Number of protein chains: 2
Amino acid sequence: MIYAKDNADFKARRLRAVKEDLNSGASTLARKTLEDMIDFADCCVAADTRELVEELEDLVQKLLTARPSIQAVRNALLRWSDCLESLPEDDLKAARQEAQTAAKEVIQELKAAQKGAVRACVDELKDGMTLMTLSTSSGVMALFEACHLHGIQIQAIITESRPGMEGRKLARFLSKLDIPTQFISEAQMAYFVPQADKVIVGADSLLRDGSLVNKAGSKLLALAARDSGVPFWVLAESFKHSLIPAEDVTLEEMSEDELQLEPLSSVTVRNIYFDLVPARLITAWVDEQGVRVEFRSLAEMPRGRLLGR
Amino acid sequence: MIYAKDNADFKARRLRAVKEDLNSGASTLARKTLEDMIDFADCCVAADTRELVEELEDLVQKLLTARPSIQAVRNALLRWSDCLESLPEDDLKAARQEAQTAAKEVIQELKAAQKGAVRACVDELKDGMTLMTLSTSSGVMALFEACHLHGIQIQAIITESRPGMEGRKLARFLSKLDIPTQFISEAQMAYFVPQADKVIVGADSLLRDGSLVNKAGSKLLALAARDSGVPFWVLAESFKHSLIPAEDVTLEEMSEDELQLEPLSSVTVRNIYFDLVPARLITAWVDEQGVRVEFRSLAEMPRGRLLGR
């Protein structure tokens, strides 16, 4: 009984951490959940492989529903959980080892997929371009870093990303790379977008019809970009692809405390963290296969390549 | 000499107050500047009417350039300053009195114009409607109050209006009126606009081609409303009309401190307070003459009616 409680405590702690992590981008959060699985495969209290698999599967199931707007977390976990079917039944130690190795491999795949998408994107950039983005995405950060490493002189326009203010993290990152950056509130996006040569955002999920789930404000930025004739690009490696239809997607709502309004009768504070950007507002989709300017339904793609489930 | 310094101090204080007043809507600020003229007409150090007029004109000239994005301030001051031409030359006391009376009259005209525009707008509202707005405008507040007084049951969706957060003032006002209200960040506007029957915003200036100068974020809201098929109405009594062409308008930029980012090399904080919403995104213009769904150039209107200069 004491053993089961240890496992339950571990799972509850990890689940809470994932739910409360509102500042990590989707790829970063996917990597973190896999690192959680590595830790749990190591420390999980289990008498044999069967018990280990049961416990690991239980945590996977819980994590799968923890952040419904972020497909990369789901895809990374589902891909990893395939390994649970073939762990050595009679050797618990080896089973723990194999589960950990499999998670490390998926982390490598995540990194490679993002790297491939960044490479495809950086090939399209030129000296003197101004890129605009909102919130923070590890893919977009990697893109800025790649520009810096390849000596491509770009400028940036970024938003603070109220209420989480993760745009400040991106501002500090761009400052270290010495990239000339304008830092604005979300409200100023329509004013600034005509100065950009391209808008490039990351993705929390890319849906089967090519529509995008990303940080709140993304649809406003896409509308402003379209109105000003500025291309709107999505950097979304295949780990972010989802087969969920747009009408079934869950846009997570977070605590109303983040908007810091005192309690007022008849007033409800809303804090929906994500936006749904319809495919018609997107100019190009970039993944590790390259840049696509037309989006065929994900459902039509070969399943081998498609990680989305 | 000491007298001149008194006047200079008064003028510098009032000018600073107007420049630093970032939370008042355009109509409120216009009224406040006229109240400043009432005070100055009373306390201005002057030996005769000629000196009084010189001092008053000097303050008017300074205030005219203090808030270039807010036409109501300019129009109110220009309208009032007409009285300076006919103040009694040989009676300083009577001159002070007349200047004050003239300012009070313009304040009444401001109020009557806003009241007329609100009345025209409230006639178009029905029980059960949801109105969406951003920032805070005394006209839109008066509209909500009129709905309350006439027993029209409406709901509201409002934004916090970062960085000034004047949306909180509106939330408290709507709570007192017991109007069911959803309070959101600017980034969520595209998600919430489909729930609205109408977007109604105030105006800092309405330009000769029907385009609107209003709080940052207004163009994003207009784009989102257009994309979702929600009408976008502007409540702008004639005191807000301007003959400035859109290409010559100044969108004021305020202190970067308001965005609370620490100093970072290569990063520039931008804080442009206003947006320019092109006429093509506006569905209806409401002033004290009624609701117009097509906008003829202000330049073609009879000058008698037009307060804009």
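Residues numbered from 1 in each chain as written. Chains lettered and ligands numbered in written order. Predicted model: local features only at pLDDT ≥ 70, side-chain atom pairs only at ≥ 80, totals over all residues. Heavy atoms only, no water.

Identification of chain A as Translation initiation factor eIF-2B subunit delta from Marinospirillum celere is taken from an unreviewed UniProt entry. UniProt annotates chain A under Sequence similarities (unreviewed entry) with the comment "Belongs to the eIF-2B alpha/beta/delta subunits family." (UniProt positions renumbered as here; feature names shortened; annotations may be inferred.)

Student: Please provide a residue-by-residue account of the pattern of salt bridges, values included.
Tutor: For the structure on display, the rule yields 34 salt bridges over all chains. Close ionic contact of R162 of chain B with E160 of chain A constitutes a salt bridge, the shortest N to O distance being 2.6 Å. With R162 of chain B in the loop between β2 (155–159) and α7 (167–176) and E160 of chain A in the loop between β2 (155–159) and α7 (167–176), this pair bridges two chains. E160 of chain A matches R162 of chain B in its accessibility class, with the two residues each being buried. A salt bridge links R292 of chain B to D287 of chain B; the shortest N-O distance between them is 3.4 Å. As far as the burial class goes, R292 of chain B and D287 of chain B line up, both buried. (Salt bridge = Lys/Arg side-chain N within 4 Å of Asp/Glu carboxyl O. Helix = DSSP H or I, 4+ residues; strand = E, 2+ residues; numbered from the N terminus. Buried < 20%, exposed > 50% of the residue type's maximum accessible area, 1.4 Å probe, protein only.)

Student: Pulling in residues and values, what's your account of unusual backbone geometry?
Tutor: At the junction of R162 of chain A and P163 of chain A, the peptide bond is cis and its omega measures out at 5 degrees in the coordinates. Relative to the helices and strands, P163 of chain A is located in the loop between β2 and α7. Even without being glycine, S135 of chain B reaches a positive phi, approximately 55 degrees. Structurally, S135 of chain B can be placed in the loop between β1 (130–133) and α6 (138–149). Taking the relative accessible area as the measure of exposure, S135 of chain B reaches 7% and is therefore buried. Here M165 of chain B, not a glycine, exhibits a phi torsion of approximately 60 degrees, which is positive. Relative to the helices and strands, M165 of chain B is located in the loop between β2 and α7.

Student: For the sheet that holds strand β9 (residues 274–277) of chain B, give the residues involved together with the corresponding values.
Tutor: Residue and element names in this part refer to chain B. Sheet architecture is open: three strands sit in the order β5-β6-β9, paired in antiparallel fashion. Since the sheet does not close on itself, it has two edges, and those belong to β5 (205–206) and β9, each with one partner. Looking at chain direction, strand β6 (residues 212–215) and β9 are connected through four bridges and run antiparallel. Within β9, the residue paired with K215 across the bridge is F274. Most of the contacts of helix α9 (residues 218–227) go to β9, to which it runs at about 40 degrees, and overall it touches β6 and β9. (Pairing = 2+ DSSP bridges. Contact = heavy atoms within 4.5 Å. Axes fitted to C-alpha atoms, helices over the stretch in contact; angles between N-to-C directions.)

Student: Can you tell me about the domain arrangement of chain A, naming the residues and giving the values?
Tutor: Residues and elements named next belong to chain A. Taken as a whole, chain A is organised into domain 1 (2–111) and domain 2 (116–300). The C-alpha-based centres of domain 1 and domain 2 are spaced at 28 Å. Between domain 1 and domain 2, the residue contacts involve 18 residues of the former and 23 residues of the latter. Note on domain 1 versus domain 2: buried area summed over both sides is about 1,600 Å², and carbon and sulfur give 51% of it. Here domain 1 is connected to domain 2 by one salt bridge. The partner of R67 in a salt bridge is E252, with the nearest N and O atoms 2.6 Å apart. Counting every contact that joins domain 1 to domain 2 gives 11 residue pairs in polar contact (both at pLDDT 80 or more). Among the elements of the structure, α2 (26–43), α4 (71–81) and α5 (92–122) are those that each provide at least two residues to the side of domain 1 that touches domain 2. Looking at the side of domain 1 that touches domain 2, the element that brings in the most residues is α4, giving five residues. Classifying every residue of the side of domain 1 that touches domain 2 gives eight nonpolar, seven polar and three charged. (Domains from an automatic or database assignment. Buried area = accessible area lost by both parts, 1.4 Å probe. Polar contact = N/O pair within 3.5 Å; in protein donor to acceptor, adjacent residues only side chain to side chain. Nonpolar A, V, L, I, M, F, W, Y, C, P; charged D, E, K, R; others polar.)

Student: Please provide a residue-by-residue account of the relation of the copies chain B and chain A, values included.
Tutor: Comparison of the two chain copies shows a relationship of rotation about an axis with a shift along it. Laying chain B over chain A is done by rotating through 180 degrees and shifting 0.0 Å along the axis; what remains is an RMSD of 0.0 Å. On this basis, the relationship between the two copies can be described by a two-fold rotation axis. Of the interface residues in chain B, 100% have counterparts in chain A that sit at the interface too, so the contact is made through matching surfaces. (Least-squares fit on C-alpha atoms with pLDDT ≥ 70 in both.)

Student: Account for the packing of aromatic side chains, with residues named and values stated.
Tutor: All names here are of chain B. Scanning the model with the defined rule gives six aromatic pairs over all chains in all. Judged by centre distance (4.8 Å) and plane angle (10 degrees), the ring pair of F10 and F40 falls under stacked. Residue F10 is found in helix α1 (residues 2–20), and its partner F40 is found in helix α2 (residues 26–43); the two are separated by 30 residues along the sequence. Each member of the pair, F10 as well as F40, carries the same accessibility label: buried. (Phe/Tyr/Trp six-rings, centres within 6.5 Å; stacked < 30°, edge-to-face > 60°.)

Student: Give a description of the pairing of β2 of chain B that names residues and reports values.
Tutor: Residues and elements named next belong to chain B. The buried count for β2 comes to four of five residues, which makes it a mostly enclosed element. As judged from the four bridges shared by β1 and β2, these two strands associate in the parallel manner. Note on β2: the bridge partner recorded for T133 is I158. For the handedness criterion, the β-α-β arrangement of β1, α6 and β2 is classed as right-handed. (Right-handed = clockwise from strand over helix to strand, strands pointing away.)

Student: Could you give an account of helix α5 (residues 92–122) of chain B, naming the residues involved and the relevant values?
Tutor: Taking 1.5 Å of rise per residue, 31 residues should cover 45 Å, and α5 of chain B covers 45 Å from first to last C-alpha, within 8% of that figure. Regarding α5 of chain B, its N-cap is D91 of chain B, as a side-chain oxygen of that residue lies 3.3 Å from the backbone nitrogen of K93 of chain B further along. (Expected span 1.5 Å × (residues − 1).)

Student: Mind laying out the interface of chain B and chain A, listing which residues take part and the relevant values?
Tutor: At the interface, 46 residues of chain B touch 46 residues of chain A. Surface buried jointly by chain B and chain A totals about 4,100 Å² across both partners, of which 56% is contributed by carbon and sulfur atoms. Measuring nitrogen to oxygen at the nearest pair gives 2.4 Å for the salt bridge that ties R172 of chain A to E262 of chain B. Linking chain B with chain A are 28 residue pairs in polar contact (both at pLDDT 80 or more). At the level of elements, α7, β3 (181–184), α8 (189–192), α9 and β8 (267–269) of chain B are the ones that each hand at least two residues to the side of chain B that touches chain A. Residues belonging to the side of chain B that touches chain A are distributed by class as follows: 23 nonpolar, 11 polar and 12 charged.

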